[in-house]
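Coordinates in review
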Amino acid sequence: MAEDVARLVEDLDLHHVIGVGHSMGGHTMLDCPVSGTGSQAATGDLVIYASGDTKAIARLKPMFAGYSRKTYDVGTFGNGSKMKYVANLLVAINNVATAEAMVLGMKAGLDPQVIFEMIQNGAGNSRVFELRAPMMVKNDYASDVTMKCSIWQKDMDVIGGYAKKLRVSTPLFSATRPVYHAAIKAGHGEEDTAAVCAVLEAKAKLDSAKELALAEIERAKGVAEANKIIGDSLKGNREYLQYLYIVGLEDGAKNGNKTIYVPTEGGMPVPTLSVEK
């Protein structure tokens, strides 16, 4: 349905399409998408973006009031869907931003519930944060699904396509699309879109593992280089060779062995006999 309306809104001869609709049975065509989720509908917390015939919208306001807190008349037919695209663009960004903030806090060692409570009462709060962050705190994206990732993907495609048609750059919105794709690919298609938090958590763990591995590689390279420098500097060094020999004797003594040796003119002891106890 959303895709059908989107195609209608994008029709170059929109007024002609509406005229045909009016002539077929005398019906009045309205474009009235809602902003909100199923759980918000249950509490009458939706917002209606009504567009089309003003008188028809006015007559329907009592009906809209049964499941919404506000109905806006946004003018010409199609403006309702356009407003919905704008609102959902922000929802897409705020949802991923919420997940990103939660992951940052959790990686820093903060308690997820504390993060939620602090943000909820601060300047960074949003309706999306209040709706989705509790799921991220519980790491549960299947019990109370407000919008499935698989269904949301269709909205993302419609918004992205409409922005492209208008030649509007959407860098932040575009940056969220791979995250939603990753959520579906990871098996969260039937879960709430808050599952993007699980995707970012997994990525953070992977990045940490990669950083540790790279750090260990660099450490090993450093040790190898240091050993090479030391080895090169000690090649043929008489005192160093004596030191190694003495260490070897001490190690043998620790293992219970006795070594008999005779000093030479060069000062290097030469072992003549090794006797076990």
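Each remark here, short or long, concerns the structure printed above.
Not measured: the values here are computed from a predicted model.

**A closer look at the pairing of strand β3 (residues 68-73)**
Here strand β2 (residues 46-50) pairs with β3 via five bridges, running parallel. Considered in β3, the bridge of Val-47 is made with Lys-70. Handedness of the crossover joining β2 and β3 through helix α4 (residues 54-64) is recorded here as right-handed.

**Things to note about helix α8 (residues 149-165)**
Taking 1.5 Å of rise per residue, the 17 residues of α8 would be expected to cover 24 Å, and the 24 Å separating its terminal C-alpha atoms lies within 8% of that figure. For α8, every residue scored as buried is listed here: Cys-149, Trp-152, Gln-153, Asp-155, Met-156, Val-158, Ile-159, Gly-160, Tyr-162 and Ala-163. Downstream of α8 by one or two residues, Arg-167 has phi in the positive range, about 60°.

**Overview of unusual backbone geometry**
In this structure, Asn-139 is a non-glycine residue whose phi angle is positive, near 55°. Checked against the element boundaries, Asn-139 lands in the loop between α7 (127-138) and α8. Its identity is not glycine, yet Arg-167 carries a phi of approximately 60°, on the positive side. Tracing the backbone through its elements, the reader meets Arg-167 in the loop between α8 and α9 (171-188). Its relative accessible area of 80% is what places Arg-167 among the exposed residues.

**Points about the pattern of salt bridges**
Inspection of every chain in the model, using the stated rule, returns five salt bridges. Among the salt bridges present, the one from Arg-69 reaches Asp-45, with a minimum N-O distance of 2.7 Å. Within this pair, whereas Arg-69 is found in strand β3, its partner Asp-45 is found in the loop between α3 (38-42) and β2, the two being separated by 24 residues in sequence. Between Glu-190 and Lys-148 there is a salt bridge, and its shortest N-O distance comes to 3.1 Å. Of this pair, Glu-190 sits in the loop between α9 and α10 (196-234) while Lys-148 sits in the loop between α7 and α8, and the two are 42 residues apart along the sequence. Its relative accessible area of 32% is what places Lys-148 among the partly exposed residues. Residues joined in a network through salt bridges with shared partners are Asp-45, Arg-69 and Arg-127.

**What about the side chain of Asn-95?**
If you trace the backbone, Asn-95 turns up in helix α5 (residues 79-107). Apart from residues lying up to four places away in sequence, Asn-95 is in contact with Val-128, Arg-132, Met-136, Tyr-180, Thr-193, Ala-194 and Val-196.

What counts, and at which threshold
Residues numbered from 1 in each chain as written. Predicted model: local features only at pLDDT ≥ 70, side-chain atom pairs only at ≥ 80, totals over all residues. Heavy atoms only, no water. Pairing = 2+ DSSP bridges. Helix = DSSP H or I, 4+ residues; strand = E, 2+ residues; numbered from the N terminus. Right-handed = clockwise from strand over helix to strand, strands pointing away. Expected span 1.5 Å × (residues − 1). Buried < 20%, exposed > 50% of the residue type's maximum accessible area, 1.4 Å probe, protein only. Salt bridge = Lys/Arg side-chain N within 4 Å of Asp/Glu carboxyl O. Contact = heavy atoms within 4.5 Å.

These figures capture arrangement, not role.
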